[in-house]
Amino acid sequence: MAFAALFDRFIQNLRRYLGYDLQYFATIEPQRRLAPHVHIALRGTVARAELRRVLAATYHQVWWPDTSAVKYEGDELPVWDEHTGTYLDPGSGEVLPTWDQALDELGDQPHHVARFGTQFHAEGVLAGSQDAARCMGYLTKYLTKQVGDCHQLETDAQRAHAARLAEALRYQPCSPTCANWLRYGIQPKNPRPGLVPGRCKGKAHNPDHLGYAGRRVLVSRKWSGKTLADHRADRQAWLLAALDMSATDSARYAWELVAPGDPDHMDHARRLLHAVADRARWQAALAEARRRAEGRSDASSVGRAALWPASVTSC
């Protein structure tokens, strides 16, 4: 659960050590024992010895209350008091310690210290080489995968290990606002009615995420040096070049937001279905335009029919 914060601290330390705003593209993958590890593509040249020094010096301290003793479970759970806006002990009616009070009682030792393991491998890759294409394919394949889909459980021991992990994650607090703090006699930060231990909706408790609550793909903001508008312009320019067409005349169109009272307004589910159908139709039209463009040069009429609906809808 602390892996995302540990990775952020590593990037901070590495940038401070190198003295410049290092750019990266990273993906998270679980090992076969379901512990997370990270694949990182770094822009520029960094010595392996320097990476090892920063990795060894990087750690993240979790200053949370103790969770070794379970105080409430089963049907005996803290109850919500509407008048005070707090959770009470079901037997005595005493107010449970708040999150700030629990932090004030912490000692001089953190609840947990996260560090990187000993496994480390780095290799230099030149742009345009076969290794670069292989590394990019390896990194980008995680864009459409869940963390839990990387390794298929094949044996009874593996399935039992995953089940134990899921059960432990169910009651492990994932954040200061997690409902599982009630299980240990502490009110979560910013408490609200309806909190039940073991039913927190945080992503870390989902068995498909294996306890990792961060983003699956981690990209520095200045990796490409382009904004989203720049990327959209690049995609449009690539499509126009592939179809051998000129840019669409924007003076022919007028744009306005669709209000809920408009006759052509659709609910969210219908919009999603239309978007999926449009994407499938555009992909088929683009593939057909490419095929015809390879055989003859007059593919502009085919491409125009595929491009205009896409431009109108996406804008």
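Above this text you will find the structure in question.
Model, not experiment: these values are computed from the prediction. (Residues numbered from 1 in each chain as written. Predicted model: local features only at pLDDT ≥ 70, side-chain atom pairs only at ≥ 80, totals over all residues. Heavy atoms only, no water.)

(A) Representation of unusual backbone geometry within the structure. One non-glycine residue, leucine 34, lies in the positive phi region at around 75°. With relative accessibility at 11%, the residue leucine 34 sits in the buried group. (Buried < 20%, exposed > 50% of the residue type's maximum accessible area, 1.4 Å probe, protein only.)

(B) A look at the side chain of serine 220. With respect to the element layout, serine 220 can be found in the loop between strand E7 (217-219) and helix H6 (228-243). Accessibility expressed as a relative area gives 6% for serine 220, which makes it buried. A polar contact is formed between the side chain of serine 220 and the backbone nitrogen of tyrosine 24, at a distance of 2.9 Å. Excluding its chain neighbours within four sequence positions, the residues that come into contact with serine 220 are Arg15, Gln23 and Tyr24. (Helix = DSSP H or I, 4+ residues; strand = E, 2+ residues; numbered from the N terminus. Polar contact = N/O pair within 3.5 Å; in protein donor to acceptor, adjacent residues only side chain to side chain. Contact = heavy atoms within 4.5 Å.)

(C) Main features of the packing of aromatic side chains. Throughout the structure, instances matching the rule amount to seven aromatic pairs. Arranged with centres 5.7 Å apart and planes meeting at 75°, the rings of phenylalanine 7 and tyrosine 24 form a pair that is edge-to-face. Of this pair, phenylalanine 7 sits in helix H1 (residues 3-18) while tyrosine 24 is found in strand E1 (residues 24-30), placing the two residues 17 residues apart along the sequence. Note on accessibility: phenylalanine 7 and tyrosine 24 belong to one class, buried. Between the aromatic rings of tryptophan 80 and tyrosine 87, the centroid separation amounts to 4.9 Å while the plane-to-plane angle is 65°, which identifies the pairing as edge-to-face. Linked through ring pairs, Phe3, Phe10, Phe116 and Tyr212 together constitute an aromatic cluster. We note arginine 183 situated over the ring of tyrosine 171; from NZ or CZ to the ring centre the distance is 4.2 Å. (Phe/Tyr/Trp six-rings, centres within 6.5 Å; stacked < 30°, edge-to-face > 60°. Lys NZ or Arg CZ within 6 Å of the ring centre and 35° of its normal.)

(D) Molecular detail of the pairing of strand E3 (residues 59-62). Burial of E3 is one-sided: the residues His60 and Val62 facing one way are buried, the residues Tyr59 and Gln61 facing the other way are not. Pairing between E3 and strand E6 (residues 112-115): four bridges, direction antiparallel. Paired with histidine 60 across the bridge in E6 is alanine 114. (Pairing = 2+ DSSP bridges.)

(E) Inspection of the packing of H1 against helix H2 (residues 48-57) at higher detail. The contact between H1 and H2 brings their axes to 10 Å, and the two run at 135°. With respect to H2, the axis of H1 lies oblique. In terms of crossing hand, the pair formed by H1 and H2 is right-handed. The residues of H2 that touch H1, namely those facing Phe10, Asn13, Leu14, Tyr17 and Leu18, are Glu50, Leu51, Arg53, Val54, Leu55 and Ala57. Per-class residue counts for the contact of H1 with H2 are eight nonpolar, one polar and two charged. (Axes fitted to C-alpha atoms, helices over the stretch in contact; angles between N-to-C directions. Parallel < 35°, antiparallel > 145°, perpendicular 65-115°, else oblique. Left-handed = near helix turned anticlockwise from the far one by under 90°. Nonpolar A, V, L, I, M, F, W, Y, C, P; charged D, E, K, R; others polar.)

(F) Spotlight on the side chain of threonine 86. Considering the arrangement of structural elements, one finds threonine 86 in strand E5 (residues 86-88). Overall, the relative accessible area of 15% leaves threonine 86 in the buried class. Here the side chain of threonine 86 touches threonine 84 through a polar contact of 2.7 Å, side chain to side chain. Apart from the residues lying within four places of it in its own chain, the contact partners of threonine 86 are Val79, Trp80, Asp81, Val95 and Gln187.

(G) Representation of the pattern of salt bridges within the structure. For the coordinates displayed, the defined rule picks out eight salt bridges. One salt bridge connects arginine 159 with aspartate 156, and the closest N-O pair in it is separated by 2.8 Å. One end of the pair, arginine 159, and the other, aspartate 156, are both in helix H5 (residues 156-171), three residues apart, so they sit about a helical turn from each other. A residue is classified by how much of its surface remains accessible, and arginine 159, at 38% relative accessible area, is partly exposed. On the basis of relative accessible area, aspartate 156 is assigned to the exposed category, the value being 59%. We note a salt bridge from arginine 292 to glutamate 288, for which the minimum N-O separation is 2.7 Å. Here the residue arginine 292 and the residue glutamate 288 both occupy positions in helix H7 (residues 268-295), the gap between them amounting to four residues, near one helical turn. Assessed through its relative accessible area of 25%, glutamate 288 is described here as partly exposed. (Salt bridge = Lys/Arg side-chain N within 4 Å of Asp/Glu carboxyl O.)

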